[in-house]
Amino acid sequence: MARSIAFREAIREAMNEEMRRDDRVFLMGEEVAEYNGAYKVSQGMLNEFGPKRVIDTPISELGFTAVGVGAAQKGLRPVVEFMTWNFAVLALDQILNTASKMLAMSGGQVNCPIVFRGPNGSAGQLGAQHSTAFESYYANIPGIKVVSPSNGYDAKGLLKQAIRYEEDPVIFMESEVMYGEKSEVPEEEYYIEIGKADVKKQGSDVTIVGWSKMVKIALGAAAELEKENISAEVIDIRSIRPLDWKTILESVKKTNRLIIIDEQWPMCSVSSEIAYRIQKEGFDYLDAPVRRISAADAPLHYAPNLVAAALPDVERTVRLAKEIMYLKK
């Protein structure tokens, strides 16, 4: 039976269920215990699991990330929460040079089953230093997986999969503005395999690809296009690495057009990789160039009008869809 719960509750349920199942799983990060989490994702977890499994850390991302990585290599299964992925750059040395590389450097002897999670990307008027989308930064690193769900159902299933079954590091990127959004989540236990995209809406005229909160932009654009008898197929890739580009390719074979909505800066982004894959493997199916909408190639400003101008939106997506269908703008 499904019920409507907030994104933060879905994340919490995933952690609670896996911590009840396996006492090797624990949560650590800034304000996750006494304060119930900066975004109340871990509310009530300290009361149930105690301070040895829900651990408040000092404000030292490099330090507590190193503790988590070491614990994972010794057989525990940590979940490390970052208050924002903007702060996690301080811990990049541990993620890049230790967590992701240890299996290769140890000749396959030492795994690192750890989940790093927290909010990613813009969240309104937070200024340039708190608004970066980091998917491509981490997707560029061999040895880790990168996940960015768009709703509570996917988030719970993917996080449970990451905690329980993945033996290598998983980067789990949430969205601060989505924590309160509700979706239907089953009471029954379920897992979602990492590396599988999901077709959120079937269509025949143009394929629109997104992930995280860009899926809402894609669905909004599809609804507007529907009013003009243009049928858009919407794909939520969910997993950045591994990337399920074959699902996108199958859609392009049907629609012959592709738009990618990407919250990141355009240079060397996830949309760059998707565009390359599809033109390489699906060039003969394309009736128009692969197009994308990304964030402006500049730090995100604080002013709301500049934030709106810098980020992808429904209006520009609709306009671009018409452009690649060679319709009047």
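Located above this text is the structure these notes cover.
1. Remarks on the overall build of the protein chain
In terms of helices and strands, the protein chain carries 12 helices and 14 strands. Radius of gyration (C-alpha) of the protein chain: 20 Å, near the 20 Å computed for a compact globule of 329 residues. With respect to the three principal axes, the spread of C-alpha positions in the protein chain is 60 × 45 × 40 Å. Within the protein chain, the fraction of its 329 residues that count as buried is 55%. Of the contacts formed within the protein chain by residues at least 6 apart in sequence, a portion of 82% connects residues at least 24 apart. Per element, the accessible surface of the protein chain, about 14100 Å² overall, is 53% carbon and sulfur.

2. Some points on the nonpolar core
Counting 41 residues, the largest nonpolar core has Trp85, Phe116, Tyr138, Ile237 and Ile274 as its most contacted members. Of all elements in the fold, only β2 (25-29), α3 (61-73), α4 (92-99), α6 (135-139), β7 (170-174), α9 (245-255), β13 (258-261) and α10 (270-282) reach the threshold of two or more residues within this core. Setting aside residues up to four positions removed in sequence, Tyr138 forms contacts with Trp85, Ala88, Val89, Leu92, Ile95, Ile144, Val146, Ile171 and Met173. Counting 34 residues, the second largest nonpolar core, distinct from the first, contains Met19, Val115, Phe172 and Ile192.

3. With respect to the environment of Arg53
With respect to the helices, strands and loops of the structure, Arg53 is situated in the loop between α2 (45-49) and β3 (54-56). With 25 residues separating them along the chain, Arg53 and Pro78 place their C-alpha atoms 9.2 Å apart. Leaving out residues up to four positions away in the same chain, Arg53 has contacts with Met19, Asp22, Asp23, Val25, Phe26 and Leu27. Here the side chain of Arg53 touches Asp22 through a polar contact of 3.0 Å, landing on its backbone oxygen.

4. Observations regarding the sheet that holds strand β4 (residues 77-81)
Taken in spatial order, the 7 strands line up as β3-β2-β4-β5-β7-β6-β12 in an open sheet, and their pairing is mixed. The open sheet has two free edges, formed respectively by β3 and β12 (239-241), since each of these has just one partner strand. If you compare each strand with its neighbour and ignore which way they point, the axes differ by 20 degrees on average. On top of the sheet, helix α1 (residues 7-21) reaches β2, β3, β4, β5 (115-119) and β7; it is set at about 135 degrees to β2, its chief contact. Together, β2, β4, β5, β6 (145-147) and β7 form the strand contacts of helix α7 (residues 152-165), whose direction differs from that of β4 by roughly 135 degrees.

5. Side note on unusual backbone geometry
Cis geometry marks the peptide bond from Arg241 to Pro242; its omega dihedral reads 5 degrees. Among the structural elements, Pro242 can be located in the loop between β12 and α9. Even without being a glycine, Glu31 presents a positive backbone phi close to 65 degrees. Examined against the element boundaries, Glu31 turns out to sit in the loop between β2 and α2.

6. Let's talk about the packing of aromatic side chains
Counted under the stated rule, the structure contains 10 aromatic pairs. An aromatic cluster is defined as three or more aromatic residues linked by ring pairs; in this entry it consists of Phe64, Phe82, Trp85, Phe116, Phe134, Tyr137 and Tyr138. Lys40 extends its terminal NZ or CZ atom over the ring of Tyr35, reaching a point 3.7 Å from the ring centre.

7. A few points about the pattern of salt bridges
Within this structure, the stated rule accounts for 30 salt bridges. For Arg3, the salt bridge identified is with Glu13, shortest N-O distance 2.3 Å. Remark: Glu13 occurs in helix α1 and Arg3 occurs in strand β1 (residues 2-6); sequence separation between them is 10 residues. For Glu233, the salt bridge goes to Lys254, with nearest N and O atoms at 2.6 Å. Of this pair, Glu233 sits in strand β11 (residues 232-236) while Lys254 sits in helix α9, placing them 21 residues apart in sequence. The partly exposed category is assigned to Lys254, whose relative accessible area is 38%. Bridged by salt links that share partners, the residues Arg3, Glu13, Glu17, Glu18, Arg21, Asp22, Arg24, Lys156, Lys160 and Glu189 form one connected network.

8. A closer look at the side chain of Ser148
Position of Ser148 relative to the elements: it lies in the loop between β6 and α7. Judged by relative accessible area, which is 1%, Ser148 ranks as buried. Once you skip the residues sitting within four places of it in the chain, Ser148 turns out to touch Glu135, Met173, Trp211, Ser212, Arg238 and Ile240.

Thresholds applied
Counting from 1, residues in each chain are numbered in the order their sequence is written. Side-chain atom pairs in this predicted model are given and counted only at pLDDT of 80 or more, local residue features only at pLDDT of at least 70, and totals for whole chains, interfaces and linings cover all residues. Only hydrogens and water are set aside when side-chain values are computed; all heavy atoms of the structure are taken into account. Secondary structure elements are defined from DSSP: runs of H or I of at least 4 residues count as helices, runs of E of at least 2 residues count as strands, and each element is numbered from the N terminus. Only the C-alpha atoms count toward the radius of gyration. The rule for a globule is 2.2 Å times the residue count to the power 0.38. Residue exposure (1.4 Å probe, protein chains only): buried if accessible area is under 20% of the type maximum, exposed if over 50%, otherwise partly exposed. Two residues form a contact once any of their heavy atoms are found within 4.5 Å. Working definition of accessibility: Shrake-Rupley area with a 1.4 Å probe, residue cover restricted to the visible protein chains. What makes a nonpolar core is a set of buried Ala, Val, Leu, Ile, Met, Phe, Trp, Tyr and Cys residues whose side-chain atoms join them at distances within 4.5 Å. Each polar contact in these results corresponds to two N or O atoms within 3.5 Å; when the atoms are within protein, one needs to be able to donate a hydrogen and the other to accept it, and residues that are neighboring in sequence are counted only if both atoms are side-chain atoms. Strands qualify as paired when DSSP identifies two bridges or more between them. Throughout, an axis means a line fitted to C-alpha atoms (over the contacting stretch in the case of helices), and angles, computed between N-to-C directions, take values from 0 to 180 degrees. Only the six-membered ring of Trp is used, alongside the rings of Phe and Tyr, when aromatic pairs are assigned; centres must lie within 6.5 Å, and planes under 30 degrees apart are stacked while those over 60 apart are edge-to-face, with the rest tilted. Sitting over a ring, as applied to charges here, requires NZ of Lys or CZ of Arg to be within 6 Å of the ring centre and within 35 degrees of the ring normal. Salt bridges are defined as contacts in which a side-chain nitrogen from Lys or Arg sits within 4 Å of a carboxyl oxygen from Asp or Glu.

Read these as geometric descriptors, not functional statements.
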